[in-house]
Amino acid sequence: MAYKTIIVEIDDHVALIRLNRPDALNALNSTLLGELAQAVTEAEGNDKVRCLVITGSEKAFAAGADVKEMAEKSFVDVFVTDLFGRQVNAIERCRKPIIAAVSGYALGGGCELALMCDFIIASDSAKFGQPEINLGVVAGIGGTQRLTRLVGKSKSMEMHLTGRFMDAQEAERSGVVSRVVPAKKLVEEAMSAANKIAEKSQIATLAVKEAVNRSYETTLSEGILHERRLFHALFATEDQKEGMSAFLDKREPQFRDK
Ligand code: DAK
């Protein structure tokens, strides 16, 4: 499928999605978010794809929702059409792992898009921020919730209330990103992590994603019970037998997603 604002490459078992509106620092307009949602949905439905990577350019992952597109909209426009709701749901509901590879600006909706992914690998030039306050609005696709859970109330409040950006080192210290790599190696590192995930049993990767995400939705005891039941359930799979036999035989496992 030919897209206008993103570039999709299927590299072996990984779908690499590049946001591609360079003139607008990859600002998220309805075309881009629609195409991104479609690409994620297609990757999820493609049996060959086992992991996704979303990235931008070296200068910008995405500098936020497109202010030019939003500026003249009314409350009725955004409420009745549920601005970006459908597209964001498609990304949030993807069951396959998604890695955000972030270089340069990840601001507003761009920061929120990265936070929506399962983990973030950042380049040393990455800058995260929720500057919506400067436009007279608040974050709208999860920033006040996801950033707060990651960095705590104080830092999240400061970022949302002042619009201050966080650099890559602070983002790593604060738990926003899993690690920081040189900008030139960003996509290579993200692809390498994605390829590693693609080698695992897909049943187990889906279970990991479900279990970790549960920790955001429920109490500790319910989350632990959910994790335990998933652990028990995986003993019904051939991949558990294969993984444990391979360990005992001192060989690499050959998972078959069964
Ligand atoms: N929207 C539209 N265009 C943008 C843009 C944006 N967010 N960010 C940058 N651009 C455009 C600039 O207008 C400029 O275009 P031309 O003037 O050349 O035509 C081009 O990209 C290059 O930008 P600059 O010339 O400004 O580049 P600099 O290097 O000088 O500055 C910057 C880079 C990232 C610091 C600066 O561009 C900037 O501050 N950008 C805006 C950042 C921002 O405020 N982002 C938050 C946007 S609000 C919701 C869903 C989502 C959201 C809300 C609700 N619902 C589902 C309810 C999200 C809201 C937001 O993200």
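Everything here concerns the structure above.
It should be emphasised that the depicted structure is a prediction, and the values quoted were computed from it without experimental measurement.

Draft legend 1. Quick peek at the nonpolar core. Counting 45 residues, the largest nonpolar core has Phe128 and Val176 as the members making the most contacts within it. It is helix H1 (residues 30–45) that contributes the most residues to this core, six residues altogether. Ranked by size, the runner-up nonpolar core spans 14 residues in total, among them Val14, Cys51, Ile99 and Ala101.

Draft legend 2. Expanded view of the site of the ligand. Neighbouring the ligand are 23 residues, the closest being Lys59, Ala63, Ala65, Leu83 and Gly109. Here Lys59 contributes a side-chain N or O atom positioned 2.9 Å from an oxygen atom of the ligand. Coverage of the ligand by the protein amounts to 64% of the 1,100 Å² it exposes when considered alone. Going through the elements one at a time, helix H2 (67–70) and strand E6 (105–107) are the ones with two or more residues in the shell around the ligand. Among the elements that line the shell around the ligand, the one with the most residues is H2, at three residues. Split by residue class, the shell around the ligand holds 14 nonpolar, four polar and five charged.

Draft legend 3. Spotlight on the sheet that holds E6. An order of E4-E6-E8-E9 is seen for the four strands of this open sheet, with the pairing classed as mixed. Only two strands of the sheet have a single neighbouring strand rather than two, namely strand E4 (60–62) and strand E9 (166–167). The sheet contact formed by strand E8 (residues 127–129) and E9 spans two bridges and is antiparallel. Across the sheet, the residue bridging to Phe128 is Met166, located in E9. Sheet contacts for helix H5 (residues 109–116): E4, E6 and E8; angle to E6, the most-contacted strand, approximately 90°.

Draft legend 4. A look at the sheet that holds strand E7 (residues 119–123). Spatially, the six strands line up as an open sheet ordered E1-E2-E3-E5-E7-E10, and their pairing is mixed. Each edge of the sheet is formed by a strand with only one pairing partner; in this case those strands are strand E1 (6–11) and strand E10 (179–181). Between one strand and the next, the sheet's axes are offset by a mean angle of 20°, whatever the strand orientation.

Draft legend 5. Just a nonpolar patch on the surface, in detail. Together, Phe75, Val76, Phe79 and Val80 make up a nonpolar patch on the protein surface, roughly 480 Å² of accessible area in all. By secondary structure assignment, the location of Phe75 is in helix H3 (residues 75–80).

Draft legend 6. Quick look at the pattern of salt bridges. All chains considered together, the criterion is met by 14 salt bridges. Arg146 is the salt-bridge partner of Glu92, the closest N and O atoms lying 3.0 Å from each other. With a gap of 54 residues between them, Glu92 in helix H4 (residues 85–92) and Arg146 in helix H6 (residues 143–151) connect regions that are remote in the sequence. Residue classification places Glu92 among the partly exposed positions, given a relative accessible area of 35%.

Draft legend 7. Representation of the packing of H6 against helix H7 (residues 153–162) in the model. Contact geometry for H6 and H7: axes closest at 7 Å, N-to-C directions at 140°. Considered as vectors, H6 and H7 are oriented oblique to each other. For the pair H6 and H7, the crossing hand works out as right-handed. Counted together, Gly143, Thr144, Leu147, Thr148 and Val151 of H6 and Lys153, Lys155, Ser156, Met159 and His160 of H7 form the full contact between these two elements. Of the residues contributing to the contact of H6 with H7, the split by class is three nonpolar, five polar and two charged.

Draft legend 8. Highlighting the state of the cysteines. According to the stated counting rule, one finds zero disulfides in the structure shown. Free cysteine: Cys94, not disulfide-bonded; nearest cysteine sulfur from Cys51 at 9.2 Å. Considering cysteine sulfurs only, Cys94 is the nearest to Cys117, which forms no disulfide, with 9.4 Å between them.

Criteria and cut-off values
- Residues numbered from 1 in each chain as written.
- Predicted model: local features only at pLDDT ≥ 70, side-chain atom pairs only at ≥ 80, totals over all residues.
- Heavy atoms only, no water.
- Core = buried A, V, L, I, M, F, W, Y, C linked by side-chain atoms within 4.5 Å.
- Buried < 20%, exposed > 50% of the residue type's maximum accessible area, 1.4 Å probe, protein only.
- Helix = DSSP H or I, 4+ residues; strand = E, 2+ residues; numbered from the N terminus.
- Near = heavy atom within 4 Å.
- Polar contact = N/O pair within 3.5 Å; in protein donor to acceptor, adjacent residues only side chain to side chain.
- Areas by Shrake-Rupley, 256 points an atom, 1.4 Å probe, with all protein chains shown as cover.
- Nonpolar A, V, L, I, M, F, W, Y, C, P; charged D, E, K, R; others polar.
- Pairing = 2+ DSSP bridges.
- Contact = heavy atoms within 4.5 Å.
- Axes fitted to C-alpha atoms, helices over the stretch in contact; angles between N-to-C directions.
- Patch = residues over 30% accessible without salt bridge, like charges linked within 9 Å, V, L, I, M, F, W, Y side chains within 5 Å.
- Salt bridge = Lys/Arg side-chain N within 4 Å of Asp/Glu carboxyl O.
- Parallel < 35°, antiparallel > 145°, perpendicular 65-115°, else oblique.
- Left-handed = near helix turned anticlockwise from the far one by under 90°.
- Disulfide = S-S within 2.5 Å.

Such coordinate-based values are descriptive only and should not be taken to indicate function.
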